[in-house]
Amino acid sequence: MTPRTNPPPQPYISWQEGNETRQALWCVPGDPPHPDHVRVVDDTLTADQAFRLASQGTAMLWRGDYRNARQLLVALAHRVDHRPRKRKQPDSPHDAFNQHRLAQSQRATQLNQLLIPMEGDGAVALRHAPDVRAACRDALGDVGEPFVLPLRAVQGMVGAHEWRRKGVAVPVLDEPIHVHYGVFSPIRGEYLDLIAQTPLPATDLAFDIGTGSGVLAAILARRGVARVVATDSDPRALACARENVETQGLTGRVTVQEADLFPSGACGLIVCNPPWLPARPTTSLESAIYDPGSRMLRGFLDGLADHLLPEGEGWLILSDLAERLGLRAPDFLATAIGRAGLRVVGRLDTRPRHPKVLDTSDPLHAARRDEVTTLWRLTVAHP
(Lines give C-alpha, C1' and ligand atoms only; values in the text may rest on other atoms or scores of the structure.)
Protein backbone atom coordinates (compact mmCIF):
# COMPACT_ATOMS: atom_id res chain seq x y z
CA MET A 1 0.00 0.00 0.00
CA THR A 2 1.66 3.20 -1.18
CA PRO A 3 2.24 5.90 1.48
CA ARG A 4 1.09 9.46 0.79
CA THR A 5 1.59 12.62 2.74
CA ASN A 6 -1.72 14.25 1.79
CA PRO A 7 -5.20 12.79 2.46
CA PRO A 8 -6.33 11.02 -0.72
CA PRO A 9 -9.63 11.85 -2.44
CA GLN A 10 -12.46 9.38 -2.79
CA PRO A 11 -12.67 6.51 -3.52
CA TYR A 12 -9.54 6.05 -1.44
CA ILE A 13 -9.41 5.82 2.34
CA SER A 14 -6.37 6.69 4.42
CA TRP A 15 -5.08 5.84 7.88
CA GLN A 16 -2.04 6.20 10.08
CA GLU A 17 0.11 3.09 10.54
CA GLY A 18 3.34 3.54 12.44
CA ASN A 19 4.77 6.85 11.28
CA GLU A 20 3.21 6.64 7.82
CA THR A 21 -0.03 7.74 6.22
CA ARG A 22 -1.27 4.88 4.08
CA GLN A 23 -4.10 4.52 1.63
CA ALA A 24 -6.06 1.97 -0.36
CA LEU A 25 -9.07 1.93 -2.65
CA TRP A 26 -12.46 1.93 -0.99
CA CYS A 27 -13.90 -0.57 -3.44
CA VAL A 28 -17.21 -1.52 -1.85
CA PRO A 29 -20.31 -2.53 -3.85
CA GLY A 30 -23.60 -1.09 -2.74
CA ASP A 31 -22.33 2.50 -2.39
CA PRO A 32 -21.89 2.82 1.40
CA PRO A 33 -20.04 5.97 2.47
CA HIS A 34 -16.31 5.59 2.98
CA PRO A 35 -15.08 5.80 6.60
CA ASP A 36 -13.55 9.07 7.77
CA HIS A 37 -11.78 7.60 10.80
CA VAL A 38 -9.76 4.37 10.51
CA ARG A 39 -7.79 2.68 13.29
CA VAL A 40 -5.43 -0.25 12.74
CA VAL A 41 -6.29 -3.17 15.05
CA ASP A 42 -5.24 -6.80 15.54
CA ASP A 43 -5.97 -9.93 17.58
CA THR A 44 -5.57 -8.04 20.86
CA LEU A 45 -8.78 -6.06 20.25
CA THR A 46 -11.67 -7.26 22.41
CA ALA A 47 -15.29 -7.43 21.30
CA ASP A 48 -16.26 -4.74 23.82
CA GLN A 49 -13.57 -2.43 22.47
CA ALA A 50 -14.70 -3.14 18.91
CA PHE A 51 -18.30 -2.35 19.85
CA ARG A 52 -17.29 1.00 21.37
CA LEU A 53 -15.25 1.95 18.31
CA ALA A 54 -18.03 0.92 15.90
CA SER A 55 -20.59 2.86 17.96
CA GLN A 56 -18.37 5.95 17.68
CA GLY A 57 -18.15 5.59 13.89
CA THR A 58 -14.50 4.49 13.90
CA ALA A 59 -13.59 1.88 11.30
CA MET A 60 -11.16 -0.88 12.30
CA LEU A 61 -8.62 -2.11 9.74
CA TRP A 62 -7.77 -5.65 10.77
CA ARG A 63 -4.13 -6.78 10.80
CA GLY A 64 -4.56 -10.02 12.74
CA ASP A 65 -5.64 -13.55 11.86
CA TYR A 66 -8.58 -13.85 9.48
CA ARG A 67 -10.29 -16.49 11.61
CA ASN A 68 -10.14 -14.19 14.62
CA ALA A 69 -11.70 -11.41 12.55
CA ARG A 70 -14.66 -13.67 11.76
CA GLN A 71 -15.11 -14.50 15.44
CA LEU A 72 -14.91 -10.83 16.35
CA LEU A 73 -17.59 -9.96 13.80
CA VAL A 74 -19.94 -12.56 15.33
CA ALA A 75 -19.32 -11.12 18.79
CA LEU A 76 -19.82 -7.58 17.52
CA ALA A 77 -23.12 -8.55 15.89
CA HIS A 78 -24.29 -10.08 19.17
CA ARG A 79 -23.59 -6.83 21.01
CA VAL A 80 -25.26 -4.71 18.34
CA ASP A 81 -28.37 -6.91 18.32
CA HIS A 82 -28.72 -7.15 22.11
CA ARG A 83 -27.86 -3.66 23.29
CA PRO A 84 -30.61 -1.96 25.31
CA ARG A 85 -32.74 0.35 23.18
CA LYS A 86 -35.67 2.62 23.76
CA ARG A 87 -38.09 1.74 21.01
CA LYS A 88 -41.25 3.68 20.40
CA GLN A 89 -44.26 1.50 19.74
CA PRO A 90 -45.13 2.06 16.05
CA ASP A 91 -48.43 3.81 15.44
CA SER A 92 -49.01 2.07 12.10
CA PRO A 93 -47.53 -0.56 9.76
CA HIS A 94 -45.88 2.34 7.89
CA ASP A 95 -44.14 3.45 11.09
CA ALA A 96 -43.08 -0.15 11.76
CA PHE A 97 -41.57 -0.34 8.27
CA ASN A 98 -39.63 2.91 8.70
CA GLN A 99 -38.33 1.84 12.12
CA HIS A 100 -37.32 -1.54 10.72
CA ARG A 101 -35.38 0.00 7.83
CA LEU A 102 -33.67 2.48 10.13
CA ALA A 103 -32.63 -0.31 12.48
CA GLN A 104 -31.31 -2.37 9.55
CA SER A 105 -29.31 0.61 8.26
CA GLN A 106 -27.81 1.37 11.66
CA ARG A 107 -26.89 -2.28 12.19
CA ALA A 108 -25.19 -2.52 8.80
CA THR A 109 -23.26 0.70 9.42
CA GLN A 110 -21.84 -0.59 12.70
CA LEU A 111 -20.96 -4.07 11.47
CA ASN A 112 -19.34 -2.66 8.35
CA GLN A 113 -16.74 -0.90 10.51
CA LEU A 114 -14.58 -4.05 10.61
CA LEU A 115 -12.39 -3.74 7.50
CA ILE A 116 -10.21 -6.29 5.71
CA PRO A 117 -7.15 -5.44 3.56
CA MET A 118 -7.25 -6.95 0.06
CA GLU A 119 -4.63 -7.43 -2.63
CA GLY A 120 -5.23 -6.15 -6.14
CA ASP A 121 -6.15 -9.65 -7.38
CA GLY A 122 -8.86 -10.05 -4.71
CA ALA A 123 -6.82 -12.10 -2.24
CA VAL A 124 -7.27 -11.36 1.47
CA ALA A 125 -4.01 -9.98 2.87
CA LEU A 126 -4.31 -11.80 6.22
CA ARG A 127 -3.07 -15.02 7.83
CA HIS A 128 -5.26 -18.11 7.42
CA ALA A 129 -7.58 -16.37 4.95
CA PRO A 130 -9.54 -18.47 2.44
CA ASP A 131 -9.13 -17.98 -1.29
CA VAL A 132 -11.88 -15.49 -2.18
CA ARG A 133 -10.39 -14.21 -5.44
CA ALA A 134 -13.06 -15.72 -7.68
CA ALA A 135 -15.85 -14.31 -5.50
CA CYS A 136 -14.27 -10.85 -5.56
CA ARG A 137 -13.87 -10.94 -9.33
CA ASP A 138 -17.54 -11.83 -9.70
CA ALA A 139 -18.56 -8.84 -7.60
CA LEU A 140 -15.91 -6.24 -8.42
CA GLY A 141 -14.17 -7.27 -11.63
CA ASP A 142 -10.41 -6.78 -11.81
CA VAL A 143 -9.47 -4.11 -9.28
CA GLY A 144 -5.73 -4.16 -10.01
CA GLU A 145 -4.44 -2.46 -6.85
CA PRO A 146 -4.76 -2.94 -3.07
CA PHE A 147 -8.18 -2.13 -1.65
CA VAL A 148 -10.22 -2.42 1.52
CA LEU A 149 -13.56 -4.09 2.17
CA PRO A 150 -15.78 -4.60 5.21
CA LEU A 151 -15.52 -8.22 6.32
CA ARG A 152 -19.31 -8.48 5.92
CA ALA A 153 -18.94 -7.51 2.26
CA VAL A 154 -16.31 -10.22 1.76
CA GLN A 155 -18.64 -12.79 3.33
CA GLY A 156 -21.53 -11.58 1.18
CA MET A 157 -19.44 -11.95 -1.97
CA VAL A 158 -18.43 -15.47 -1.01
CA GLY A 159 -22.05 -16.40 -0.31
CA ALA A 160 -23.21 -14.92 -3.62
CA HIS A 161 -20.43 -16.76 -5.45
CA GLU A 162 -21.63 -20.07 -4.00
CA TRP A 163 -25.22 -19.29 -4.98
CA ARG A 164 -24.03 -18.47 -8.49
CA ARG A 165 -22.04 -21.68 -8.73
CA LYS A 166 -24.82 -23.94 -7.44
CA GLY A 167 -27.72 -22.07 -9.01
CA VAL A 168 -31.38 -21.83 -8.02
CA ALA A 169 -33.59 -24.73 -9.11
CA VAL A 170 -36.74 -23.73 -10.99
CA PRO A 171 -39.09 -26.71 -11.55
CA VAL A 172 -40.19 -25.77 -15.08
CA LEU A 173 -36.63 -25.23 -16.34
CA ASP A 174 -34.11 -27.84 -17.40
CA GLU A 175 -31.16 -26.19 -15.64
CA PRO A 176 -30.81 -24.03 -12.51
CA ILE A 177 -30.75 -20.25 -12.79
CA HIS A 178 -27.31 -18.91 -11.90
CA VAL A 179 -27.57 -15.47 -10.34
CA HIS A 180 -24.74 -12.94 -10.47
CA TYR A 181 -23.75 -10.77 -7.52
CA GLY A 182 -26.12 -7.81 -7.20
CA VAL A 183 -28.92 -9.41 -9.28
CA PHE A 184 -32.24 -10.39 -7.70
CA SER A 185 -32.41 -14.12 -7.04
CA PRO A 186 -35.66 -16.01 -7.88
CA ILE A 187 -35.81 -17.79 -4.52
CA ARG A 188 -39.48 -16.90 -4.00
CA GLY A 189 -40.96 -19.53 -6.25
CA GLU A 190 -44.60 -18.55 -5.83
CA TYR A 191 -44.45 -15.78 -8.44
CA LEU A 192 -42.66 -18.10 -10.86
CA ASP A 193 -45.55 -20.54 -10.48
CA LEU A 194 -47.96 -17.82 -11.60
CA ILE A 195 -46.00 -17.31 -14.84
CA ALA A 196 -45.84 -21.06 -15.40
CA GLN A 197 -49.61 -21.60 -14.90
CA THR A 198 -51.37 -18.65 -16.56
CA PRO A 199 -52.74 -19.44 -20.06
CA LEU A 200 -50.63 -17.81 -22.77
CA PRO A 201 -52.46 -15.21 -24.91
CA ALA A 202 -49.77 -15.42 -27.63
CA THR A 203 -46.89 -17.74 -28.45
CA ASP A 204 -45.05 -15.97 -31.28
CA LEU A 205 -43.39 -13.07 -29.42
CA ALA A 206 -43.24 -11.81 -25.82
CA PHE A 207 -41.41 -9.04 -23.97
CA ASP A 208 -39.96 -9.50 -20.48
CA ILE A 209 -39.48 -6.05 -18.94
CA GLY A 210 -36.77 -5.75 -16.28
CA THR A 211 -35.60 -9.32 -16.79
CA GLY A 212 -32.99 -9.46 -14.01
CA SER A 213 -31.65 -13.02 -14.02
CA GLY A 214 -33.70 -13.86 -17.12
CA VAL A 215 -35.80 -16.43 -15.29
CA LEU A 216 -39.20 -15.23 -16.55
CA ALA A 217 -37.98 -15.06 -20.14
CA ALA A 218 -36.68 -18.61 -19.82
CA ILE A 219 -39.99 -19.86 -18.40
CA LEU A 220 -41.94 -18.24 -21.25
CA ALA A 221 -39.64 -19.82 -23.83
CA ARG A 222 -39.94 -23.23 -22.18
CA ARG A 223 -43.72 -22.85 -22.24
CA GLY A 224 -43.64 -22.49 -26.00
CA VAL A 225 -43.22 -18.80 -26.80
CA ALA A 226 -41.19 -18.83 -30.01
CA ARG A 227 -39.25 -15.62 -29.28
CA VAL A 228 -38.77 -13.53 -26.16
CA VAL A 229 -37.12 -10.12 -25.97
CA ALA A 230 -35.85 -9.52 -22.42
CA THR A 231 -34.81 -6.00 -21.37
CA ASP A 232 -32.94 -4.47 -18.46
CA SER A 233 -30.88 -1.34 -17.80
CA ASP A 234 -28.47 -2.83 -15.24
CA PRO A 235 -25.19 -4.17 -16.72
CA ARG A 236 -25.00 -6.90 -14.08
CA ALA A 237 -28.50 -8.09 -14.90
CA LEU A 238 -27.83 -8.04 -18.65
CA ALA A 239 -24.72 -10.19 -18.25
CA CYS A 240 -26.54 -12.54 -15.88
CA ALA A 241 -29.56 -12.96 -18.16
CA ARG A 242 -27.38 -13.62 -21.20
CA GLU A 243 -25.45 -16.30 -19.33
CA ASN A 244 -28.66 -18.00 -18.20
CA VAL A 245 -30.13 -17.89 -21.70
CA GLU A 246 -27.07 -19.76 -22.92
CA THR A 247 -27.08 -22.21 -20.01
CA GLN A 248 -30.76 -23.00 -20.58
CA GLY A 249 -30.09 -23.70 -24.27
CA LEU A 250 -32.33 -20.81 -25.36
CA THR A 251 -29.89 -18.83 -27.49
CA GLY A 252 -31.77 -17.77 -30.61
CA ARG A 253 -35.12 -17.83 -28.86
CA VAL A 254 -34.44 -15.31 -26.09
CA THR A 255 -32.77 -12.00 -26.94
CA VAL A 256 -31.46 -9.82 -24.11
CA GLN A 257 -31.43 -6.08 -24.82
CA GLU A 258 -30.37 -3.05 -22.83
CA ALA A 259 -33.39 -0.76 -22.47
CA ASP A 260 -35.19 1.32 -19.90
CA LEU A 261 -38.41 -0.69 -19.87
CA PHE A 262 -39.76 -1.46 -23.37
CA PRO A 263 -37.98 -2.53 -26.55
CA SER A 264 -39.24 -1.21 -29.87
CA GLY A 265 -42.31 -2.74 -31.47
CA ALA A 266 -45.41 -4.48 -30.16
CA CYS A 267 -46.39 -8.03 -29.26
CA GLY A 268 -49.18 -10.11 -27.76
CA LEU A 269 -47.66 -10.72 -24.31
CA ILE A 270 -45.63 -8.36 -22.12
CA VAL A 271 -44.49 -9.46 -18.65
CA CYS A 272 -43.13 -7.32 -15.83
CA ASN A 273 -42.16 -8.10 -12.23
CA PRO A 274 -41.11 -4.67 -10.89
CA PRO A 275 -39.67 -4.03 -7.41
CA TRP A 276 -42.57 -4.38 -5.01
CA LEU A 277 -41.92 -1.61 -2.46
CA PRO A 278 -42.09 2.11 -3.36
CA ALA A 279 -39.26 3.25 -1.11
CA ARG A 280 -35.83 4.71 -1.73
CA PRO A 281 -33.00 2.16 -1.86
CA THR A 282 -30.16 3.05 0.47
CA THR A 283 -27.65 1.14 -1.68
CA SER A 284 -27.52 0.15 -5.34
CA LEU A 285 -27.97 -3.49 -4.29
CA GLU A 286 -31.46 -2.68 -2.97
CA SER A 287 -32.72 -1.46 -6.34
CA ALA A 288 -34.33 -4.83 -7.11
CA ILE A 289 -36.49 -4.48 -3.98
CA TYR A 290 -37.28 -0.78 -3.76
CA ASP A 291 -38.80 1.34 -6.55
CA PRO A 292 -38.83 5.04 -5.50
CA GLY A 293 -42.17 6.60 -6.27
CA SER A 294 -43.21 3.37 -8.04
CA ARG A 295 -41.30 4.67 -11.08
CA MET A 296 -40.92 1.31 -12.81
CA LEU A 297 -44.47 0.23 -12.01
CA ARG A 298 -45.88 3.49 -13.36
CA GLY A 299 -43.63 3.36 -16.41
CA PHE A 300 -44.74 -0.17 -17.26
CA LEU A 301 -48.43 0.66 -16.92
CA ASP A 302 -48.18 3.96 -18.80
CA GLY A 303 -46.28 2.43 -21.71
CA LEU A 304 -48.06 -0.90 -21.96
CA ALA A 305 -50.88 0.15 -24.31
CA ASP A 306 -48.40 1.46 -26.89
CA HIS A 307 -46.62 -1.91 -27.08
CA LEU A 308 -49.53 -4.37 -26.92
CA LEU A 309 -51.12 -5.82 -30.03
CA PRO A 310 -54.93 -5.92 -30.17
CA GLU A 311 -56.20 -8.65 -27.82
CA GLY A 312 -52.72 -8.93 -26.31
CA GLU A 313 -52.12 -9.07 -22.56
CA GLY A 314 -49.74 -7.44 -20.14
CA TRP A 315 -48.88 -9.54 -17.10
CA LEU A 316 -48.00 -7.53 -14.00
CA ILE A 317 -46.63 -9.57 -11.09
CA LEU A 318 -46.98 -7.57 -7.89
CA SER A 319 -47.27 -8.17 -4.17
CA ASP A 320 -49.72 -6.21 -2.02
CA LEU A 321 -47.13 -5.86 0.76
CA ALA A 322 -46.75 -2.15 -0.02
CA GLU A 323 -50.47 -1.57 0.56
CA ARG A 324 -50.39 -3.60 3.78
CA LEU A 325 -47.48 -1.48 5.04
CA GLY A 326 -49.18 1.78 4.09
CA LEU A 327 -46.55 2.60 1.45
CA ARG A 328 -49.18 2.80 -1.30
CA ALA A 329 -52.81 3.83 -1.11
CA PRO A 330 -55.27 0.92 -1.38
CA ASP A 331 -56.68 2.30 -4.64
CA PHE A 332 -53.29 3.22 -6.16
CA LEU A 333 -53.00 0.27 -8.53
CA ALA A 334 -56.60 0.39 -9.77
CA THR A 335 -56.29 4.12 -10.42
CA ALA A 336 -52.95 3.75 -12.23
CA ILE A 337 -54.35 0.96 -14.43
CA GLY A 338 -57.37 3.06 -15.39
CA ARG A 339 -55.33 6.18 -16.11
CA ALA A 340 -53.06 4.16 -18.40
CA GLY A 341 -56.04 3.16 -20.55
CA LEU A 342 -55.96 -0.45 -19.37
CA ARG A 343 -58.42 -2.85 -17.85
CA VAL A 344 -58.11 -6.01 -15.78
CA VAL A 345 -59.34 -9.18 -17.53
CA GLY A 346 -58.18 -11.64 -14.90
CA ARG A 347 -55.94 -12.27 -11.91
CA LEU A 348 -54.19 -15.20 -10.26
CA ASP A 349 -53.27 -14.96 -6.59
CA THR A 350 -50.79 -16.84 -4.46
CA ARG A 351 -49.56 -16.69 -0.89
CA PRO A 352 -45.92 -16.43 0.21
CA ARG A 353 -43.99 -19.51 1.25
CA HIS A 354 -40.76 -17.90 2.49
CA PRO A 355 -39.58 -18.42 6.12
CA LYS A 356 -40.37 -14.86 7.28
CA VAL A 357 -44.07 -15.70 7.11
CA LEU A 358 -43.57 -17.83 10.25
CA ASP A 359 -41.15 -15.47 12.02
CA THR A 360 -43.25 -13.79 14.71
CA SER A 361 -40.21 -11.80 15.91
CA ASP A 362 -40.14 -9.94 12.58
CA PRO A 363 -41.59 -6.43 13.17
CA LEU A 364 -43.33 -6.71 9.79
CA HIS A 365 -44.69 -10.20 10.50
CA ALA A 366 -48.40 -9.33 10.31
CA ALA A 367 -48.05 -7.75 6.86
CA ARG A 368 -45.85 -10.59 5.57
CA ARG A 369 -48.24 -13.21 6.94
CA ASP A 370 -51.22 -11.74 5.06
CA GLU A 371 -49.32 -10.78 1.89
CA VAL A 372 -50.80 -11.81 -1.46
CA THR A 373 -48.86 -11.88 -4.73
CA THR A 374 -50.94 -11.41 -7.85
CA LEU A 375 -50.46 -11.82 -11.58
CA TRP A 376 -52.67 -9.13 -13.08
CA ARG A 377 -53.83 -9.81 -16.65
CA LEU A 378 -54.20 -6.44 -18.36
CA THR A 379 -55.48 -5.43 -21.79
CA VAL A 380 -56.08 -2.14 -23.56
CA ALA A 381 -59.43 -0.65 -22.56
CA HIS A 382 -61.32 -0.13 -25.80
CA PRO A 383 -63.72 2.84 -25.96
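Right, let's walk through the structure included here. Just so you know, these numbers come straight off a predicted model, no measurement behind them. (Residues numbered from 1 in each chain as written. Predicted model: local features only at pLDDT ≥ 70, side-chain atom pairs only at ≥ 80, totals over all residues. Heavy atoms only, no water.)

**Describing the packing of helix α9 (residues 295-307) against helix α11 (residues 332-339)**
When two helices pack together, you describe them by how their axes are tilted relative to each other and by the distance separating the axes.
Here's step 1: Interaxial distance between α9 and α11 falls to 8 Å at its minimum, and their mutual angle equals 35 degrees. Where α9 crosses over α11, the handedness of that crossing is right-handed. Listed contacts from α11 to L297, R298 and L301 of α9 are F332, L333, A336 and I337. (Axes fitted to C-alpha atoms, helices over the stretch in contact; angles between N-to-C directions. Helix = DSSP H or I, 4+ residues; strand = E, 2+ residues; numbered from the N terminus. Left-handed = near helix turned anticlockwise from the far one by under 90°. Contact = heavy atoms within 4.5 Å.)

**Considerations on the side chain of S213**
Here's step 1: Secondary-structure assignment places S213 in the loop between β7 (205-209) and α7 (215-222).
Here's step 2: A residue is classified by how much of its surface remains accessible, and S213, at 3% relative accessible area, is buried.
Here's step 3: Apart from residues no more than four positions distant in its own chain, S213 is found in contact with I177, V179, V183, F184, P186, C240, A241 and N244. (Buried < 20%, exposed > 50% of the residue type's maximum accessible area, 1.4 Å probe, protein only.)

**Describing the layout of surface pockets**
Here's step 1: By volume, the second largest pocket amounts to about 180 Å³.
Here's step 2: Surrounding the second largest pocket, L318, S319, D320, E323, P330, D331, L333, A334, R347, V372, T374 and W376 form its lining.
Here's step 3: Where the lining of the second largest pocket is concerned, the elements lending two or more residues are β11 (308-319), α11 and β13 (373-380).
Here's step 4: For the lining of the second largest pocket, the residue count by class is six nonpolar, two polar and four charged. (1 Å grid on protein atoms, 1.4 Å probe; cavity = no way out; pocket = protein on both sides within 12 Å on 5 of 7 lines; lining within 4 Å. Points joined across faces, edges and corners; volume = space filled by probe spheres on them. Nonpolar A, V, L, I, M, F, W, Y, C, P; charged D, E, K, R; others polar.)

**Here we look at the sheet that holds β7**
Here's step 1: One open sheet accounts for seven strands, arranged β9-β8-β7-β10-β11-β13-β12; its pairing is mixed. In the strand order of this sheet, the two ends are held by β9 (254-258) and β12 (342-350), each with one partner. Direction aside, neighbouring strands of the sheet carry axes that sit 20 degrees apart on average.
Here's step 2: The pairing of β7 with strand β8 (residues 227-232) spans five bridges and is classified as parallel. Paired with L205 across the strands is R227, a residue of β8.
Here's step 3: Packing of α7 onto the sheet brings it into contact with β7, β8, β9, β10 (267-272) and β11, and relative to β8 it is tilted by some 175 degrees.
Here's step 4: Those strands touched by helix α8 (residues 235-247) are β8 and β9, and its axis lies near 170 degrees from that of β9. (Pairing = 2+ DSSP bridges.)

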